[in-house]
Amino acid sequence: MSQDSDTLLLANVSRRHFLQGLAAGGALVIAARWDLALAEEDKEYGADAMPHGWVDDPNVFIRIDTDGTVTITNHRSEMGQGIRTSLVMVAADELGADWDRVRVEQAPGDEEKYGNQNTDGSRSMRHWFDPMRRSAAAARTMLERAAAERWQVPVGECRAEVHVVRHEPSGRELGFGELAAAARELPVPDRKELVLKSPDEWRFIGRETGPSRHARGFEVERPLAIDGKAIVSGEAAYGADIVLDDMVFATVARAPAYGATVKAVDDAETRGMPGVLDVIRIEGTGQPAGFKPLGGVAVVAENTWAAIEGRKALAIEWDFGPAGDNASYDSVAYKEMLETASRSPGKKIRDRGDIERALSEASNVVEATYYMPHMAQAPMEPPVAIARIVDGKAEVWAPVQNPQATREGVAERLGIDFEDVTVNVTLLGGGFGRKSKPDFVFEAVDLSKALDGRPVRVQWTREDDLHHTYFHAVSVERLDAGLDDGGKVTGWRHRTLSPSISSLFQEDPEHKAGFELGMGFNTMPFDIPAIRLENPEAPAHVRIGWFRSVYNLPHAFSIQSFAAELAAAAGRDHRDFLLELLGPPREIDPRKLGDEWNYGENPALYPIDIARMRKVIETATEAAGWGREMPPGRGLGLAMHHSFASYTAVVLDVGVDDDGNVTVHNADIAFDCGPQVNPERIRSQLEGACVMGIGIALQSEISFAEGRVQQDNFHQYLIPRMAQAPRAVRVHLIEPAEDAELGGVGEPGLPPVPPALCNAIHAATGKRIRQLPVGDQLAG
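Residues numbered from 1 in each chain as written. Predicted model: local features only at pLDDT ≥ 70, side-chain atom pairs only at ≥ 80, totals over all residues. Heavy atoms only, no water.

## So, the overall build of the protein
Consideration 1: Across its full length, the protein carries 21 helices and 30 strands.
Consideration 2: For the C-alpha atoms alone, the extent of the protein along its principal axes is close to 85 × 75 × 50 Å.
Consideration 3: Among the 780 residues that make up the protein, the fraction classed as buried is 62%.
Consideration 4: Sequence-distant contacts, at least 24 apart, represent 77% of the contacts inside the protein between residues at least 6 apart.
Consideration 5: Carbon and sulfur atoms make up 47% of the accessible area of the protein, which totals about 28,800 Å².
Consideration 6: Treating the 82 positive side-chain charges of the protein as one cloud and the 117 negative ones as another, the clouds have centres 3 Å apart. (Helix = DSSP H or I, 4+ residues; strand = E, 2+ residues; numbered from the N terminus. Buried < 20%, exposed > 50% of the residue type's maximum accessible area, 1.4 Å probe, protein only. Contact = heavy atoms within 4.5 Å. Areas by Shrake-Rupley, 256 points an atom, 1.4 Å probe, with all protein chains shown as cover. Lys, Arg positive; Asp, Glu negative; His and termini not counted. Charge placed at Lys NZ, Arg CZ, Asp CG, Glu CD.)

Right, dumping it as structure tokens:
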């Protein structure tokens, strides 16, 4: 089926026509929730609401060659989360392909053709499970129709099996490759004609690792990562692996403070160094920067070493006037300013009951302030991009999460037509939100233009990455709550202060945006009579950007830590107290809590489900042996959080020695993401989130003084290593209800890990951790 077909079907119709889920008990079933979705039919949600929506045309995603090779196009960015395997696996299963004869091809940036390609928000499978199944079902139907025409039999007698179409009455078979040419000429079936496979026909979807007995009696095995061998052998192409003829290399000296510009530069020494070809200024865009480059001075050379060494020799005088207060940004002073602001009322976000009366009449009022610093995404592969301009057309190769924004930005910077820009998406050596912002690509484009279109590779170093990333927002969270004589919470007040990502794109609002508040703040689900949530001002002094799980991190850290403090103040078991705070099982419409965002999903299909929260808590604590007697210096810590339409609870078994060294012995993670399409990748994502969360809690911090980042490399910006990883990580996947919708996987495992660790430290030592990272707070 030719990918060049002009029968592209852009389908931004209401999701109610295709609501399909997977369900419980390993036998995942299709379930439609027509009635719930109909109430929201006038508003678009999910994939329907994303720019360019979704596409389900088999001519776009599936190609079958005459030798039987099936090539499935993956249009989402692969950064270690396994989406290249998972989406291809879904299509291959619905098609009936032999996994050993399936190949994957990466789509370039082209949302008009492929639908939305912005790979963030833990939504790739949530938004693309149904379209990829329909695409493959259409291809399978075309193969069956081609076979029926060849044999001159009713199509109802033809059935696609594993890489063949079988005529059931006679037993005749034709391979997919034998039918490919004829099937290619057939019209794409209408969606109403498609018959999706039933769960008992699935060979890959929902299967755990290793061989298993299929419901129909034959043995199947869940596919291995489709490009796993290429990755571990070094054959896979990441951004820095791309080599073009006549390519040159560049590094950029960027301003040390956000908004500063080049006042003067002496490049004489640099120009005289071996291998250096040119020194070129890149104009910055000031504030707000959006995705545009910070500006600076680029050194172009024959290789990266010469470019890096040449950059060191530059003598640059910076003009800090345009940076304003950013030039004096100091993390210690900023923390003090936020803490002071947190003691005064802020913008009301949610108000229920009489909080002043609840606190004034409480038998005991508990107060706490929590701090989380800036952090950098620090992917294993620092940003890198290659750009070339030929005959007025630009082509780039880069590890980007958002190829559409990249393509649009290149066209704008060069003043050329959008259609004259090609964005080739390489594998990403980690992303974590950093590579959603293509500023590094635009640097390469600017330099290629300055060099008359010559191919240029811009390479960021680790120092560049830590100094000039889009930082995770620093935060101060102040909470106070009242307890009555029986130890029940009667009032809860929470003030959250963080600079907003919105400051990237507009005049700094100094308040969090709705989607940022919707990450576990205004959706706090506790059943408390009086609740006041406020958001005082917090100005931005650096580029604030997406970081894995974004504002869920500080919200979960503070709320789940404070719940543990309240339990201790009430003399209650933490787990029992947390379950009591949640209240009885029920579904909450997030709009009733002031959240209109809900991760972009229909609140009728994705309510806040207290029963699911309770279930993950009960599962994780039971698995960890909650309540058992622990040795001295060792404790269990619990935390729970709902984010990206999924539910996670974590229990960590932690030991602290006399010198304050922390050992995580075991981690039990209960996770409910609804239907589980690729359980192996779900487990991998949660294991990775656990290790990353431990690093966030114990070590990771970006700090500023005089506008400059104080950390240069991994000897100062600490990330977890083997010694910090749990000795064992046990993931407990919750069987979904029959009407459960697909939730996210890549991010929701992270937020509860830091509070679980800090709660475990308290259980082991009696010391509360309210400021991250833990660092040397336990020493001595």
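There is more to say after this.
## A look at the packing of aromatic side chains
Consideration 1: All told, the structure shown has 14 aromatic pairs when counted by the stated rule.
Consideration 2: Between Trp99 and Phe204, the aromatic rings sit 5.7 Å apart at their centres with planes inclined by 70 degrees, giving edge-to-face as the arrangement. Here Phe204 lies in the loop between α7 (176-184) and β7 (211-213) and Trp99 lies in the loop between α4 (83-95) and β3 (102-106), a separation of 105 residues in the sequence. In terms of burial, Trp99 and Phe204 fall into one category: buried.
Consideration 3: Ring geometry for Phe471 versus Phe704: centroids 5.3 Å apart, planes at 80 degrees, classification edge-to-face. Taken together, the residues span a long stretch of sequence, with Phe471 in the loop between α15 (462-468) and β20 (475-483) and Phe704 in strand β28 (residues 704-705) at a distance of 233 residues.
Consideration 4: Note on Phe471: relative accessible area 3%, which makes it buried.
Consideration 5: Ring pairs connect the aromatic residues Tyr329, Tyr334, Phe471 and Phe704, which therefore count as one cluster.
Consideration 6: Lying across the ring of Tyr371, Lys335 places its NZ or CZ 5.3 Å from the centre.
Consideration 7: It is Arg543 that lies over the ring of Tyr470; its NZ or CZ is 3.8 Å from the centre. (Phe/Tyr/Trp six-rings, centres within 6.5 Å; stacked < 30°, edge-to-face > 60°. Lys NZ or Arg CZ within 6 Å of the ring centre and 35° of its normal.)

## What to know about the side chain of Ser124
Consideration 1: Mapping Ser124 onto the fold places it in helix α6 (residues 124-151).
Consideration 2: Of the polar contacts made by the side chain of Ser124, one reaches the side chain of Arg76; its length is 2.9 Å.
Consideration 3: Beyond its immediate sequence surroundings of up to four residues, Ser124 is in contact with Arg76, Ile83, Thr119 and Phe129. (Polar contact = N/O pair within 3.5 Å; in protein donor to acceptor, adjacent residues only side chain to side chain.)

## Re unusual backbone geometry
Consideration 1: With an omega of 0 degrees, the peptide bond running from Gln287 to Pro288 counts as cis.
Consideration 2: Going from Leu772 to Pro773, the amide bond is cis rather than trans, its omega being -5 degrees.
Consideration 3: One non-glycine residue with positive phi stands out, namely His52, at about 70 degrees.
Consideration 4: Within the secondary structure, His52 sits in the loop between α2 (46-49) and α3 (58-61).
Consideration 5: Given a relative accessible area of 25%, His52 falls into the partly exposed group.
Consideration 6: With phi around 55 degrees, Asn598 is a residue other than glycine that occupies positive phi space.
Consideration 7: Structurally, Asn598 can be placed in the loop between β23 (587-588) and β24 (608-609).
Consideration 8: Note on Asn598: relative accessible area 7%, which makes it buried.

## A short note on the nonpolar core
Consideration 1: One finds Val441, Trp492, Phe526, Leu652 and Leu757 to be the most contacted residues of the largest nonpolar core, which totals 147 residues.
Consideration 2: Leave out the neighbours within four places in its chain, and Val441 touches Ala385, Val396, Ala398, Val400, Thr406 and Val410.
Consideration 3: Within the second largest apolar cluster, 53 residues are counted, among which are Val102, Trp128, Leu143 and Ala160. (Core = buried A, V, L, I, M, F, W, Y, C linked by side-chain atoms within 4.5 Å.)

## With respect to the sheet that holds β3
Consideration 1: On the basis of which strands lie adjacent, the open sheet formed by three strands has the order β1-β2-β3 and mixed pairing. Every other strand in the sheet has two partners, leaving β1 (62-64) and β3 as the edge strands with one partner each. Averaged over all neighbouring strand pairs, the angle between strand axes comes to 25 degrees, with direction disregarded.
Consideration 2: With three bridges joining them, β1 and strand β2 (residues 70-74) adopt antiparallel strand pairing. Of the residues in β2, the one forming a bridge with Arg63 is Thr71.
Consideration 3: The strands that α4 touches are β1, β2 and β3; relative to β2, the one it contacts most, it runs at about 135 degrees. (Pairing = 2+ DSSP bridges. Axes fitted to C-alpha atoms, helices over the stretch in contact; angles between N-to-C directions.)

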